[in-house]
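In case you want the letters, here they are:
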Amino acid sequence: MTEKDFLPGAYQELPENGKVTWKAPSNIALVKYWGKRPVQIPANPSISFTLDTCATTTSVSFRKKDTNDTLSFDLFFEGKPKEDFKPKIQTFLERIDLYVPFLKEYHFTIETSNSFPHSSGIASSASGMAALSLCLMDIEKQLNPTMDEALFYAKASYLARLGSGSACRSIKGNLVQWGKHRNISNSSDLYGIEYPFEVNPVFRNYCDTILLVHKGQKQVSSTVGHQLMHGHPYGENRFEQAFSNLDKLKPILANGDLEEFIKLVESEALTLHAMMMTSMPYFILMKPDTLEIINKIWKFREETKTPVCFTLDAGANVHMLYPSSAKEKVRGFIQDELIGHCENGQYIHDRVGMGAIKIND
Ligand SMILES: Nc1ncnc2c1ncn2[C@@H]1O[C@H](COP(=O)(O)OP(=O)(O)OP(=O)(O)O)[C@@H](O)[C@H]1O
Ligand SMILES: C[C@@](O)(CCOP(=O)(O)OP(=O)(O)O)CC(=O)O
């Protein structure tokens, strides 16, 4: 699909008011998106596991207004007005105005909540923007009931990308790939697709335990981090590496080769942080406990031969990835050795999920 496919068709008459609710998951990238050009076009392709427990639930109530020259919305986060989330949503709505022309016809009340701490590297912007995009697509579907399902989800992903790049990978389930890649025929820079190649059953119910090392707001947002990839001394090599890692991942995902999976995933995580450490300005988002945990995971893996690995997003929290057959062993290890490194002993057991769902009120 191209941008033109996402331009709106003829609408039925607009309803006076209504309300829709969607729940969208967060995701964790295996090959990372880090670097972009306007507008929200990734510098390299990426792929992620869709999560299950870490999710945003968003309701959008819409009421027709008298004028149609401005965007108008209220935002409630976990029951309270949240002014500091509004600019990102305002930018998002301005970017998608061309594609969703009923936006200025309504006043929207957005009520949203996350099942996990936001702005700490668990991709709350991804689940948040995905849930909001799906709500808007749901309204569009009411106005254009003949819209087919493939277009509905591709456009939801397209809109979500304009809110936050990684959000386009939070619409569908299991494994989602985003970014044009020469060897993935339906891949697109504009929206995420369900990974089109063979995936070994071991990855279908893979576990992700997120260790909350630091729950507070991080010092640099991902959006700022992406900008620092412009003119980055290692940028071009990094982008090529991501293309090549997607190629390498294909047989690994098909065969369930966990040893190679671990190498690739951990290297991606450390490369992401190496990019941050070598940008100008440079920054370190890992905390001492992040490194303690990584070292303990390596030691545990070496000693017990358990196929557990770590990955990181742009934050200090550690995602531990492991097959469900290793659940008992890994969770015992977390309990015995890792909880002490988490803020207030907090962690989230999550797993690969099926994608966003509509909630009927
Ligand atoms: N439920 C939500 N609805 C709408 N916007 C949200 C929601 N939750 C978070 N956000 C937006 O996402 C921002 C946090 O995004 P940011 O990229 O800084 O961190 P993150 O998404 O938690 O981590 P990552 O770096 O892994 O993407 C918040 O400041 C807010 O603007
Ligand atoms: C490190 C990452 O999590 C980066 C996520 O970046 P965002 O999607 O949050 O950035 P914006 O497009 O500016 O909103 C890696 C990844 O998820 O691929």
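Residues numbered from 1 in each chain as written. Chains lettered and ligands numbered in written order. Predicted model: local features only at pLDDT ≥ 70, side-chain atom pairs only at ≥ 80, totals over all residues.

**Here's the deal with the overall build of the protein chain**
Move 1: On a plain count of helices and strands, the protein chain comes out with eight helices and 14 strands.
Move 2: Compactness check: the protein chain gives a C-alpha radius of gyration of 20 Å against a globular reference of 21 Å for 361 residues, within 12% of the reference.
Move 3: The principal-axis extents of the C-alpha atoms in the protein chain amount to approximately 65 × 45 × 40 Å.
Move 4: Counting all 361 residues of the protein chain, 45% fall into the buried class.
Move 5: Long-range contacts, defined as pairs at least 24 residues apart, comprise 76% of the intrachain contacts of the protein chain with a sequence gap of at least 6. (Helix = DSSP H or I, 4+ residues; strand = E, 2+ residues; numbered from the N terminus. Rg over C-alpha atoms; globule rule 2.2 N^0.38 Å. Buried ≥ 20, exposed ≤ 12 C-beta atoms within 10 Å, placed from the backbone. Contact = placed C-beta atoms within 7 Å.)

**Some details on the site of ligand 1**
Move 1: In the vicinity of ligand 1 lie 21 residues, with S124, S125, G128, S222 and D313 positioned nearest.
Move 2: Where the shell around ligand 1 is concerned, the elements lending two or more residues are β7 (106–114) and α2 (124–143).
Move 3: Tallying contributions element by element places α2 first for the shell around ligand 1, with four residues.
Move 4: Tallied by class, residues from the shell around ligand 1 come to five nonpolar, 14 polar and two charged.
Move 5: In terms of domain composition, the shell around ligand 1 takes at least three residues from each of domain 1 (3–197) and domain 2 (204–351). (Near = placed C-beta within 6 Å. Nonpolar A, V, L, I, M, F, W, Y, C, P; charged D, E, K, R; others polar. Domains from an automatic or database assignment.)

**Section: helix α8 (residues 327–338)**
Since there are 3.6 residues in each turn of an α-helix, residues three or four apart along the chain are aligned in direction.
Move 1: Listing the buried residues of α8 in full gives V330, F333, I334 and L338. Along α8, the residues classed as buried sweep out an arc of 105° about the axis, all on the same side. Of the exposed residues in α8, the ones pointing more than 90 degrees away from its buried face are E328, G332, Q335 and D336. (Arc of directions from axis to C-beta.)

**With respect to the domain arrangement of the protein chain**
Move 1: Its domain assignment divides the protein chain into domain 1 (3–197) and domain 2 (204–351).
Move 2: Contact residues are listed per partner, giving 28 residues for domain 1 and 38 residues for domain 2.
Move 3: Counting only elements with at least two residues in the side of domain 1 that touches domain 2, the list comes to β1 (17–31) and β4 (46–64).
Move 4: The biggest single contributor to the side of domain 1 that touches domain 2 is β4, with seven residues.
Move 5: Among the residues making up the side of domain 1 that touches domain 2, the classes are represented as 15 nonpolar, ten polar and three charged.

**Focus on the site of ligand 2**
Move 1: Lining the immediate environment of ligand 2, one finds 18 residues, of which A29, Y33, S164, G165 and S166 sit closest.
Move 2: Residue assignment for the shell around ligand 2 shows that the elements contributing at least two residues are α2 and α4 (222–227).
Move 3: Looking at the shell around ligand 2 element by element, the count peaks at three residues for α4.
Move 4: Residues belonging to the shell around ligand 2 are distributed by class as follows: seven nonpolar, nine polar and two charged.
Move 5: Looking at which domains feed residues into the shell around ligand 2, each of domain 1 (3–197) and domain 2 (204–351) supplies at least three.

**Some details on helix α1 (residues 86–96)**
Move 1: Residues of α1 that are buried: I89, F92, L93 and I96. The arc enclosing the buried residues of α1, seen along the axis, measures out at 95°, which places them on a common side. In α1, the exposed positions angled more than 90 degrees off the buried face are occupied by P87 and E94.
Move 2: Taken together, the buried residues of α1 touch β5 (72–77), α2 and α3 (149–163).

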